[in-house]
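Structural features, examined
Here are the chains, one letter per residue:
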Amino acid sequence: MKQIAFESYGFSRNYISMIETEKRSLNENMLRNVYDAICELSNCDYQQYYSYNEFIKSPVEQAREWLEQHCNLQDALNQYETFNKIASDFDLIEYKIKIETLLGLHYVKNDKLLAANGHLLKAIGYCIQVSKNPASLYEVVGTNYITLGQYQEAISILQLSINCQEGDRGRNINRIRYYISLCYLNEAKYEKSLEWITPVLEQNEYLQPKAAAYLIKSNILKRQGRDDLGRELLLELINNPFYEDYLGYAYHNLGYSFKDSGLYQQALDCLKIALPLRETVKQRSITKCLMGEVYFRIGNYEKAHSLLVEVKDIIFHKGSFEQQEATLEWGLDLYWETQDFESMLILLEDIQKLVDKEILDEFIYTKFQNRLYKRIMNDVLGQQKDLNEYRILLDAIT
């Protein structure tokens with residue numbers, strides 16, 4: 001509408017300009033008169049879309065209402081730039097925190113952890129701007145880094161989470177100590193790992209992190225070559241009636257220890273006990289995968305192949321960096337031993353697709369390619385085998 005149209009209602013063009021540029025404010029009577037004028041000039045069309053209550057809302061109130069209506073996953077995915085611009089223009093930082101957290105947790109659920117951490121770190125930055133505690137977000141980012149095998153990044157972020165803890169500090173801090181200890185364990189820094197896990201073992205208030213601490217310490221002892229002491233610790237956990245809920249973890253880790261010691265029958269016995277005690281599809285898949293490796297080691301290739309095919313997708317999507325890498329290693333060993341190049345190619349294709357989707361770390365795929373290439377070259381150069389026998393595999397990895 002042109003400004004001149006309002007002159008017959010007592011509003012000069014200059015006055016309308018000052019209202020539009022917010023140099024003049026309107027009292028309630030004047031607001032009502034302007035609204036009535038707009039409705040009349042639009043032949044009541046305006047009134048169909050905007051009530052008087054909508055009309056008198058400030059720009060900030062309108063922006064907040066729009067953000068509230070569109071603060072959902074579907075709109076976050078489809079209107080991310082628009083949402084962010086409106087929140088930025090009106091300095092509504094709390095909605096930027098909401099939308100980044102919403103997207104971050106969505107990508108965690110869909111195993112896109114790099115994308116998840118990108119959004120969650122933005123949410124943390126916005127939390128700091130408005131003095132909102134980001135402790136829980138730090139923890140999610142840290143555990144994502146652990147799954148990705150980025151342990152130093154995980155340690156740094158998790159220590160920040162500890163520094164921000166409020167409320168039930170004991171439960172949260174013991175849980176985060178476990179995660180940091182796990183990072184040091186995976187980096188083969190066993191003394192540092194013990195340093196972080198010992199306070200968790202020494203407390204008796206929180207059973208879940210203490211049970212997890214038993215598993216960490218038994219792993220440390222195993223990797224230090226003290227397998228018997230590690231197994232004694234697991235048996236202590238198994239025989240304690242207070243830890244009945246954690247028997248699945250304990251028997252799985254005991255089977256893992258026996259496997260690493262070459263005691264394959266004892267390993268299978270423990271893993272068969274563990275399997276029905278495992279509570280989730282992911283946990284059962286991890287145990288089945290370990291059983292598959294044991295079957296491979298004892299020469300039952302058919303059973304090993306069957307278990308690998310059954311669980312590999314879940315391991316590659318949901319497993320930790322170490323579990324993914326270990327599965328690929330024994331899978332490669334299995335298919336090389338049986339000369340099952342067709343299954344090897346399928347495995348290669350599966351990994352490549354997951355790398356392209358940023359679900360699997362490219363480092364794992366590159367390492368797999370290199371190991372396969374070395375094996376081919378060792379056969380060709382060391383055993384004088386015909387290179388053409390491996391042409392299908394070489395084409396796939398080059």
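Residues numbered from 1 in each chain as written. Predicted model: local features only at pLDDT ≥ 70, side-chain atom pairs only at ≥ 80, totals over all residues. Heavy atoms only, no water.

1. Concerning the overall build of the protein
The following threshold applies: Elements are defined by DSSP. Helices are runs of H or I of four residues or more, strands are runs of E of two residues or more, and each kind is numbered from the N terminus. Each residue is placed in one exposure class: buried if its accessible area under a 1.4 Å probe, protein chains only, is under 20% of its type's maximum, exposed if it is over 50%, and partly exposed if it falls in between. Every accessible area reported is derived by Shrake-Rupley at a probe size of 1.4 Å, with residue values counting cover from the shown protein chains alone.
From N to C terminus, the protein includes 23 helices and zero strands. Out of the 398 residues in the protein, the part that is buried amounts to 45%. Accessible area of the protein: about 21100 Å², with a carbon and sulfur share of 48%.

2. Here we look at empty space enclosed by the protein
Formally: Site definitions follow a grid-based scheme: protein atoms alone, a 1 Å grid, a 1.4 Å probe that fits but cannot get out for cavities, and for pockets an open set with protein on both sides within 12 Å along at least five of seven lines, plus lining residues having an atom within 4 Å of a point. Grid points are joined across faces, edges and corners, and a volume is the space filled by probe spheres set on the points. Amino acids outside the nonpolar list (Ala, Val, Leu, Ile, Met, Phe, Trp, Tyr, Cys, Pro) and the charged list (Asp, Glu, Lys, Arg) are all regarded as polar, and Gly is one of them.
Within the structure shown, the criterion is met by one cavity of 30 Å³ or more. Contributing elements (two or more residues each) for the lining of the largest cavity: α20 (321-337) and α22 (362-382). In terms of residue count, the dominant contributor to the lining of the largest cavity is α22 (four residues). The class makeup of the residues in the lining of the largest cavity is three nonpolar, no polar and four charged.

3. Examining helix α11 (residues 151-164)
Think of an α-helix as turning once every 3.6 residues; residues three or four places apart then point the same way. To keep things clear, this is the line we draw: An expected span of 1.5 Å times one less than the residue number is assigned to each helix. Contact definition: two residues touch when any of their heavy atoms are within 4.5 Å.
For α11, which comprises 14 residues, the first-to-last C-alpha distance of 20 Å matches the rise-based estimate of 20 Å (1.5 Å per residue) to within 8%. By the burial criterion, the buried members of α11 are Tyr151, Ala154, Ile155, Ile157, Leu158, Ser161 and Ile162. Against α9 (113-129), α10 (135-148), α12 (169-186), α13 (190-202) and α20 lie the buried residues of α11.

4. Description of the pattern of salt bridges
Basically, it comes down to this: By convention in these notes, a salt bridge is any Lys or Arg side-chain nitrogen within 4 Å of a carboxyl oxygen on Asp or Glu.
Counted under the stated rule, the structure contains 18 salt bridges. In this structure, the salt-bridge partner of Lys85 is Asp89, at a minimum N-O distance of 2.8 Å. In this pair, Lys85 and Asp89 are both assigned in helix α7 (residues 80-89), four residues apart and thus about one turn of the helix distant. In this structure Lys85 comes out as exposed when scored by relative accessible area, which is 53%.

5. Re the packing of α10 against α11
This is how it is decided: An axis is simply a line fitted to the C-alpha atoms; with a helix, the fit covers only the stretch in contact. Between two such axes, the angle follows the N-to-C directions and lies from 0 to 180 degrees. Convention used here: angles under 35 degrees read as roughly parallel, angles over 145 as roughly antiparallel, angles from 65 to 115 as roughly perpendicular, and any remaining angle as oblique. Two helices that cross are described as forming a left-handed crossing if the nearer one is turned anticlockwise from the farther one by less than a right angle, and a right-handed crossing if clockwise.
Where α10 meets α11, the closest approach of the two axes is 8 Å, and the angle between their N-to-C directions is 160°. Here α11 runs roughly antiparallel to α10, going by the angle between their axes. Both α10 and α11 take part in a crossing whose hand is left-handed. Residues Ala135, Tyr138, Glu139, Val141, Gly142, Thr143, Tyr145 and Ile146 of α10 lie in contact with α11, whose contacting residues are Tyr151, Glu153, Ala154, Ile157, Leu158, Leu160, Ser161 and Cys164. Of the residues assigned to the contact of α10 with α11, the class counts are eleven nonpolar, three polar and two charged.

6. Some words on the nonpolar core
Test applied: As used here, the term nonpolar core means buried Ala, Val, Leu, Ile, Met, Phe, Trp, Tyr and Cys residues forming a set that is joined through side-chain atoms within 4.5 Å.
Core analysis: the biggest nonpolar cluster contains 98 residues, and Leu372 and Ile376 have the highest contact counts within it. Beyond its immediate sequence surroundings of up to four residues, Ile376 is in contact with Trp336, Leu387, Tyr390, Leu393 and Leu394. Core analysis: the next-biggest nonpolar cluster, separate from the first, contains twelve residues, Ala63, Ala76, Tyr80 and Leu92 among them.

7. Examining the confidence of the model for the protein
Just so we agree on the cut-off: Note on scores: pLDDT gives the predictor's confidence for each residue, bounded by 0 and 100.
In the predicted model, the protein carries a mean pLDDT of 88, and the fraction of residues at 70 or more is 87%. Per-element averaging of pLDDT across the protein places helix α4 (residues 52-55) at the bottom with 61 and helix α17 (residues 264-274) at the top with 97.

8. Remarks on the environment of Tyr178
For Tyr178, the location among the structural elements is in helix α12. In this structure the C-alpha to C-alpha distance between Tyr178 and Ala213, which are 35 residues apart in sequence, comes to 6.5 Å. Contacts of Tyr178, omitting those with residues within four sequence positions, involve Ile197, Ala212 and Ile216.

9. Points about the packing of aromatic side chains
Selection criterion: The rule is short: rings of Phe, Tyr and Trp, with Trp giving its six-membered ring, pair when the centres are within 6.5 Å, and they are stacked under 30 degrees, edge-to-face over 60, tilted in between. Only when the NZ atom of a Lys or the CZ atom of an Arg is both within 6 Å of the ring centre and within 35 degrees of the ring normal do we say a charge sits over the ring.
Inspection of every chain in the model, using the stated rule, returns nine aromatic pairs. Ring centres 5.7 Å apart and planes at 65° place the aromatic pair Tyr214 and Tyr243 in the edge-to-face group. Taken together, the positions of Tyr214 in helix α14 (residues 207-223) and Tyr243 in the loop between α15 (227-238) and α16 (247-260) put the pair 29 residues apart, joining distant regions of the chain. In terms of burial, Tyr214 and Tyr243 fall into one category: buried. Taken together, the ring pairs connect Tyr214, Tyr243 and Tyr246 into an aromatic cluster. The aromatic ring of Tyr256 is capped on one face by Lys259, whose charged end is 4.8 Å from the ring centroid. Above the plane of the ring of Tyr249 lies Arg278, whose end atom (NZ or CZ) is 5.3 Å from the centre.

10. Examining helix α18 (residues 281-297)
The first and last C-alpha atoms of α18 sit 24 Å apart over 17 residues, in line with the 24 Å expected at 1.5 Å per residue. In terms of residue burial, α18 counts as a mostly covered element, since twelve of its 17 residues are buried. Within α18 the residues assigned to the buried category are Gln283, Ser285, Ile286, Thr287, Cys289, Leu290, Met291, Gly292, Glu293, Val294, Tyr295 and Phe296. Next to the buried residues of α18 lie α16, α17, α19 (301-318) and α20. Among the residues trailing α18, Gly299 stands out with phi positive, at a value near 90°.

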